[in-house]
Amino acid sequence: MKLRREKIYSHYEVSSIMFYWTMICFLPLVLVFSYTFDVDQVVEPRRYILIILSVNGLLTLFGSLFLFIKKDKLKREVKAHYRGEFLYLIFVSAFAILGFVVLFDYLDGNRDYIANILVLIVVITLILLGFLSKKYFKFDYIKRK
């Protein structure tokens, strides 16, 4: 009988997941704070979204380049679990969920459907976070010990 051994992931894989998750959630994160400070009253929302997307593209390009340069060093670093990093993903995801609602509002979506979209985004986010927590972060928050 073979024992099932869990694969241990290096700091590079975890950093890559955290970076690209943050870059996916960058637009909604910025929109949450801009909605708080009424930036849409000063700048037209679609123009503002295009500016944020271009900044997001540049940050993604430079961040990917930085990860590529530091790849060898980060591959040699290993931790038993990445709970702090996973909590960071939860924090980013919570604000991103709110940001997707703000994005829907800025794009002149029908406000009657915001609850439906919010439920769909929350479910997708929870499924992805559950998968990532168990496989990469070694943080199974569903299982009791």
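Residues numbered from 1 in each chain as written. Predicted model: local features only at pLDDT ≥ 70, side-chain atom pairs only at ≥ 80, totals over all residues. Heavy atoms only, no water.

A. Main features of the confidence of the model for the chain. With 93% of its residues at a pLDDT of 70 or more, the chain shows a mean pLDDT of 88. When mean pLDDT is compared element by element in the chain, helix H3 (residues 45–69) scores highest at 95, while helix H6 (residues 114–135) scores lowest at 90. (pLDDT = per-residue confidence, 0-100. Helix = DSSP H or I, 4+ residues; strand = E, 2+ residues; numbered from the N terminus.)

B. Representation of the nonpolar core within the structure. Counting 17 residues, the largest nonpolar core has Ile17, Trp21, Cys25, Leu89, Leu132, Tyr136 and Phe137 as its most contacted members. At the level of secondary structure, the elements contributing two or more residues to this core comprise helix H1 (11–24), helix H5 (83–106) and H6. Those residues in contact with Cys25 that lie beyond four places of it in its chain are Val92 and Ala96. In terms of nonpolar packing, the next biggest core, distinct from the first, is built from 14 residues, Leu27, Leu74, Leu103 and Tyr106 among them. (Core = buried A, V, L, I, M, F, W, Y, C linked by side-chain atoms within 4.5 Å. Buried < 20%, exposed > 50% of the residue type's maximum accessible area, 1.4 Å probe, protein only. Contact = heavy atoms within 4.5 Å.)

C. Representation of the environment of Leu31. Mapped onto the secondary structure, Leu31 falls in helix H2 (residues 26–36). The class of Leu31 is buried, set by a relative accessible area of 0%. Sequence-wise, Leu31 and Val101 are 70 residues apart; in three dimensions their C-alpha atoms are separated by 9.4 Å. Sequence-distant contacts of Leu31, that is, excluding residues within four places in its chain, are made with Tyr48, Ile49, Ile52, Gly99, Val102, Leu103 and Tyr106.

D. Main features of the pattern of salt bridges. Inspection of every chain in the model, using the stated rule, returns four salt bridges. The closest approach of N and O atoms between Arg46 and Asp108, which form a salt bridge, is 3.2 Å. Taken as a pair, Arg46 in helix H3 and Asp108 in the loop between H5 and H6 lie far apart in primary sequence, 62 residues in all. On the basis of relative accessibility, which here comes to 40%, the residue Arg46 falls in the partly exposed class. Here Asp105 ties to Arg111 by a salt bridge, and the two come within 2.9 Å at their closest N and O atoms. Under the relative-accessibility criterion, Asp105 is labelled buried at 17%. (Salt bridge = Lys/Arg side-chain N within 4 Å of Asp/Glu carboxyl O.)

E. Structural view of H6. Taking 1.5 Å per residue, 22 residues should reach 32 Å; H6 reaches 32 Å between its end C-alpha atoms and fits that length. When H6 is considered as a whole, its buried residues turn out to be Ile114, Ile121, Thr125, Leu129, Gly130, Leu132 and Ser133. Take H6 and look down its axis: the buried residues cluster within an arc of 165 degrees, on one side only. In H6, the exposed positions that point more than 90 degrees away from the buried face belong to Asn116, Val119, Leu120, Ile127 and Lys134. Among the structural elements, H1 and H5 are those in contact with the buried residues of H6. (Expected span 1.5 Å × (residues − 1). Arc of directions from axis to C-beta.)

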